[in-house]
Amino acid sequence: MSEDRSLRPVIGITMGDAAGIGPEIVLRALSTPQLKTALRCIIIGDAVFLRKSAEIMALELDLVSFGDDPQTGTTEVFDLGNLPADFEIGVDAAVTGKASAEYLIASVDLWRQGRIDAIATAPISKKAIGMGGYDYPGHTEFLAELTNTAEFAMSFFAEKLRVVLLSTHLPLLSAIDLIKAEKLIEIICFTDREMRRLLSKDVSIAVAGLNPHASEGGMFGTEEADEIIPAVRHCQGKGINVSGPFSPDSVFLRGFRGEFDACIALYHDQATIAVKSLSFGSGVNVTLGLPLIRTSVDHGTAYDIAGKHIAESSSMAAAIKLAGDLVRRSRSQPHF
C-alpha cells in the first residue's frame, strides 16, 4: 500500500549544478534522520554521480529509484542520467548547466503529475544554464515560465523574518529607477495576497525606505515622499495592514524579532545583506506567486569549494524543511 501523503509531504529536491556544491549539500542534508522521518524526499538528478558523491563523503545513504512504495530508511532518486562520466568541477560548463536545467524541468513535471507536493532547489549557475541553452536570470524566472506564471517575486524566509523583493538581479541604479508608486502598490498588494495564502492568516507588512533613515523627512532624498509614502497610503486605503517607509538599517531586525509578518525590500542586496547577516545558513529563498511551493538555499554554487566536500548544508536542510512545513500548513488551515 502506498504511503499516506498527509503524514509525510513529498518534496522533490533538485540537485543543482553538479560542478558546484549542490549535490553535496543535498546529500548531507538528507543524511539528517529528522528530515527523512518528517518528509518523503526525492532527489531529482543523476543517480551515478549522487552515489559516487555519497561514497566519497562516507554518507550512509541507501539511494534507490523513485517509486510508488518507498521503503523506510531509503533515499529516493528520480534519475535523469544526464551527466557524462567525467567533467570539470568548479567551472561553468554547458553540460552541467543543461543538466541542472533539466532537473528543474523534471521537478515541475513531477509536480504536475501529482507525484510530489513541493520543490526545494539546490543552487544553479546562471552562466552555465545559459551555456546549456536556457536563457534565464535564475531559478525564479525559469520556474515562472515553466508554470506560466505572470506575477511572481523572490522572497527570503529567515525564522520570523520574511522579506519580499521589489526587484532582483539588476544594477543598483536600474533598481532605484523601479521605485515608483505604481510598482510599490503592485508588490504590496501581491505580498499581502501571497503571504496570507502561505501563512493562512492576516498579515502585517513593513516597507523599507531607500535613503538613510528613510530620508528623515526629506533631508536625505525625495523617493520616500514622492513614491513610497503615496503607495503605502493607497494600500492602507484598500484595507491592507501595511506601514512605512521605515529606516532600512533597522526594519529587517524588527521583522526578525516578529514585529511584522513581512518586509518589502527595495532592491536585491537590501534584502540579502539583512537576511544573511541575521540568519546566514538558515535563510531560505521562496518564490512567491507560483502555483506550487518552491524553496531554495540562500547561496550560490560556491565553485571555489566545490569538490572539497566541506560545504555547509544547513540552508539546504532549512529549505527542505520549510517546503514540508508550507505543504502541511496549506493542508491544515483554510486559505484567506
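Residues numbered from 1 in each chain as written. Predicted model: local features only at pLDDT ≥ 70, side-chain atom pairs only at ≥ 80, totals over all residues. Heavy atoms only, no water.

1. Brief notes about unusual backbone geometry
Here comes step 1: P245 follows G244 through a cis peptide bond whose omega is 5°.
Here comes step 2: Within the fold, P245 resides in strand β9 (residues 242-246).
Here comes step 3: Phi at A58 takes a positive value of approximately 60°, unusual for a residue other than glycine.
Here comes step 4: For A58, the position within the fold is in the loop between α3 (47-56) and β3 (62-65).
Here comes step 5: Taking the relative accessible area as the measure of exposure, A58 reaches 64% and is therefore exposed.
Here comes step 6: Positive phi outside glycine occurs at A302, with the angle close to 50°.
Here comes step 7: Its location among the elements puts A302 in the loop between β12 (293-297) and α12 (314-332).
Here comes step 8: A302 sits in the partly exposed class, given a relative accessible area of 24%. (Helix = DSSP H or I, 4+ residues; strand = E, 2+ residues; numbered from the N terminus. Buried < 20%, exposed > 50% of the residue type's maximum accessible area, 1.4 Å probe, protein only.)

2. Some points on the nonpolar core
Here comes step 1: Ranked by internal contacts, the top residues of the largest apolar core, which has 91 residues, are I13, L27, I43, I187, I188, M316 and I320.
Here comes step 2: In terms of residue count, α12 provides more of this core than any other element does, nine residues in total.
Here comes step 3: When sequence neighbours within four positions are dropped, the list of residues in contact with I43 reads I13, M15, V26, L27, L30, L50, L63, T75, E76, V77 and F78.
Here comes step 4: Counting 18 residues, the second-largest nonpolar core is a separate cluster that includes A158, V251, F260 and C263. (Core = buried A, V, L, I, M, F, W, Y, C linked by side-chain atoms within 4.5 Å. Contact = heavy atoms within 4.5 Å.)

3. Quick word on the packing of helix α8 (residues 181-199) against helix α9 (residues 223-237)
Here comes step 1: Closest axis-to-axis distance for the α8/α9 pair is 8 Å, and the angle between their directions is 40°. By the angle between their axes, α8 is oblique relative to α9. Between α8 and α9 the crossing geometry is right-handed. Between α8 and α9, the residues in contact are A181, L184, I185, I188 and C189 and E227, I228, A231, V232, H234 and C235, respectively. (Axes fitted to C-alpha atoms, helices over the stretch in contact; angles between N-to-C directions. Parallel < 35°, antiparallel > 145°, perpendicular 65-115°, else oblique. Left-handed = near helix turned anticlockwise from the far one by under 90°.)

4. Observations regarding the packing of aromatic side chains
Here comes step 1: For the coordinates displayed, the defined rule picks out five aromatic pairs.
Here comes step 2: A centroid spacing of 5.3 Å and a plane angle of 40° characterise the contact between F49 and F87, whose relative ring orientation is tilted. Within this pair, whereas F49 is found in helix α3, its partner F87 is found in the loop between β4 (74-79) and α4 (94-112), the two being separated by 38 residues in sequence.
Here comes step 3: Note on F49: relative accessible area 14%, which makes it buried.
Here comes step 4: Taken together, the aromatic side chains of Y134, Y136 and F142 make up a single cluster linked through ring pairs.
Here comes step 5: One residue, R254, lies across the ring of F246, its end atom 4.6 Å from the ring centre. (Phe/Tyr/Trp six-rings, centres within 6.5 Å; stacked < 30°, edge-to-face > 60°. Lys NZ or Arg CZ within 6 Å of the ring centre and 35° of its normal.)

5. Remarks on α9
Here comes step 1: Between its first and last C-alpha atoms α9 spans 20 Å; for 15 residues at 1.5 Å apiece the expected length is 21 Å, and the two agree.
Here comes step 2: Of all the bends in α9, the greatest reaches close to 30° and is centred on I229; the proline P230 follows between one and four positions later.
Here comes step 3: For α9, the set of buried residues is E224, E227, I228, A231, V232 and C235.
Here comes step 4: In this structure, the buried residues of α9 make contact with α8, β8 (205-208) and β9.
Here comes step 5: Positive backbone phi, approximately 90°, marks G239, located one or two places after α9. (Expected span 1.5 Å × (residues − 1). Bend = angle between axes of the 7 residues up to and from the residue.)

6. Brief notes about the pattern of salt bridges
Here comes step 1: Within the structure shown, the criterion is met by ten salt bridges.
Here comes step 2: A salt bridge links E151 to R193; its shortest N-O distance comes to 3.4 Å. Placement of E151 in the loop between α6 (139-146) and β6 (153-158) and of R193 in helix α8 is noted, with a sequence separation of 42 residues between them.
Here comes step 3: Here E194 makes a salt bridge to R193, at a shortest N to O gap of 3.1 Å.
Here comes step 4: Take R193: its relative accessible area is 40%, and that puts it in the partly exposed class.
Here comes step 5: The structure contains a network of salt bridges with shared partners spanning E151, R193, E194 and R197. (Salt bridge = Lys/Arg side-chain N within 4 Å of Asp/Glu carboxyl O.)

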